[in-house]
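Listed below, chain by chain, are the residues.
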Amino acid sequence: MTFSWKRVNAIFQKDFKEFTRNMAVSMVIYLPVLMAAIFSRMGMDPLVNSNFTIGFAFTMVGSYVQCCLIAEEKEKNTLRGLMLSPANTYEILGGKSALSFVLTMVVAVASVMLAGYTPANIPVLGLGLALCAIFFIGLGTLLGLIAKSVMESSVIVLPVIFLFSTGSGILSFSEKYPIFSVIEYIPNLQLLEMATKVDAGAGFGEIWSHLGIIALWSVVIYIITAVVYKKQMVD
């Protein structure tokens, strides 16, 4: 079966209509932007501010919103209808992720601007943001497929929000507890390290490994998501 952008667009438009009707979920997109503006007024360092609010945008918009949208589809049994439709796995996952991707990128860019941070290399940072957004949306999709209801999805995503929003804080324990040192490889911290190097004048040869790690996270999470999705099709 060939890939159809029309089917992806139809799923995107359906999700957009449902998103605008669900105020409990749609209001979440304003939180990272509001936090970036408040922290900027408080005099927080622009890079630190943007890193924290971007991480919050990834978890709240990319993962939380996506998780709730998928769980809502399951709760209404409309996801089963999509699975039985002519749309294939890639079209369904792509269509279900498109809205969250657009929202996540818009909120992340707005957070960076309000934080007062000016990247030294906008295209590289943009690529890093896109790869991170893809990972967190994949994670939200996976959690949404696992959750049995919208209520359960809002609970199951909390550890993700805590871990990925406060990852830099957890790193302070790495000297005492070496197990926490693995946290430095999570996507948003790789993005922070990459941005810090770029601001210091690093070239692509010094930062490609960070992009590679983020891309690897994304590939792995979508492989797992595809496996769980196909299992849902036969359950």
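Read on for a plain summary of the structure. Nothing here was measured: the structure is a model prediction, and the numbers come from that model. (Residues numbered from 1 in each chain as written. Predicted model: local features only at pLDDT ≥ 70, side-chain atom pairs only at ≥ 80, totals over all residues. Heavy atoms only, no water.)

### Looking at a nonpolar patch on the surface
Judged by side-chain polarity, Met23, Met27 and Tyr30 come together as a nonpolar surface patch covering roughly 340 Å² of accessible area. Its location among the elements puts Tyr30 in helix α3 (residues 30–41). (Patch = residues over 30% accessible without salt bridge, like charges linked within 9 Å, V, L, I, M, F, W, Y side chains within 5 Å. Areas by Shrake-Rupley, 256 points an atom, 1.4 Å probe, with all protein chains shown as cover. Salt bridge = Lys/Arg side-chain N within 4 Å of Asp/Glu carboxyl O. Helix = DSSP H or I, 4+ residues; strand = E, 2+ residues; numbered from the N terminus.)

### Quick notes on the packing of helix α4 (residues 46–75) against helix α7 (residues 122–146)
Running from amino to carboxyl end, α4 crosses α7 at an angle of 35°, the nearest separation of the two axes being 7 Å. Crossing of α4 against α7: the hand is right-handed. Contact with α4, carried on its side by Ile54, Phe58, Thr59, Gly62, Ser63, Gln66, Cys67, Ile70, Ala71 and Lys74, involves Leu129, Cys132, Ala133, Phe136, Ile137, Leu139, Gly140, Thr141, Leu143, Gly144, Leu145 and Ile146 of α7 and no other residues of that element. Class assignment for the residues of the contact of α4 with α7 results in 14 nonpolar, 7 polar and 1 charged. (Axes fitted to C-alpha atoms, helices over the stretch in contact; angles between N-to-C directions. Left-handed = near helix turned anticlockwise from the far one by under 90°. Contact = heavy atoms within 4.5 Å. Nonpolar A, V, L, I, M, F, W, Y, C, P; charged D, E, K, R; others polar.)

### Concerning the packing of aromatic side chains
For the structure shown, the criterion picks out 5 aromatic pairs. Here the aromatic rings of Phe58 and Phe136 are separated by 5.2 Å at their centres, their planes lie at 10°, and the arrangement is stacked. One end of the pair, Phe58, is in helix α4; the other, Phe136, is in helix α7, with 78 residues separating them in the sequence. Like Phe136, Phe58 is buried. (Phe/Tyr/Trp six-rings, centres within 6.5 Å; stacked < 30°, edge-to-face > 60°. Buried < 20%, exposed > 50% of the residue type's maximum accessible area, 1.4 Å probe, protein only.)

### Focus on the packing of α4 against helix α9 (residues 158–165)
Between α4 and α9, the shortest axis-to-axis distance is 9 Å and the interhelical angle comes to 160°. Considering the angle they form, α4 stands roughly antiparallel to α9. The crossing of α4 and α9 is right-handed. On the side of α4, the interface is formed by Phe52, Gly55, Phe56, Thr59, Met60 and Ser63, while α9 contributes Val160, Ile161, Phe164 and Ser165. (Parallel < 35°, antiparallel > 145°, perpendicular 65-115°, else oblique.)

### Here's the deal with the pattern of salt bridges
Overall, the coordinates contain 5 salt bridges when judged by the stated rule. Measuring nitrogen to oxygen at the nearest pair gives 2.4 Å for the salt bridge that ties Glu73 to Lys96. With a gap of 23 residues between them, Glu73 in helix α4 and Lys96 in helix α6 (residues 89–115) connect regions that are remote in the sequence. The class of Glu73 is buried, set by a relative accessible area of 2%. Here Lys197 ties to Glu193 by a salt bridge, and the two come within 3.9 Å at their closest N and O atoms. Taken together, the residues Lys197 and Glu193, both in helix α11 (residues 187–199) and 4 residues apart, mark about one turn of the helix. Looking at Glu193, the relative accessible area reads 33%, which means it is partly exposed. The structure contains a network of salt bridges with shared partners spanning Lys14, Asp15, Glu73 and Lys96.

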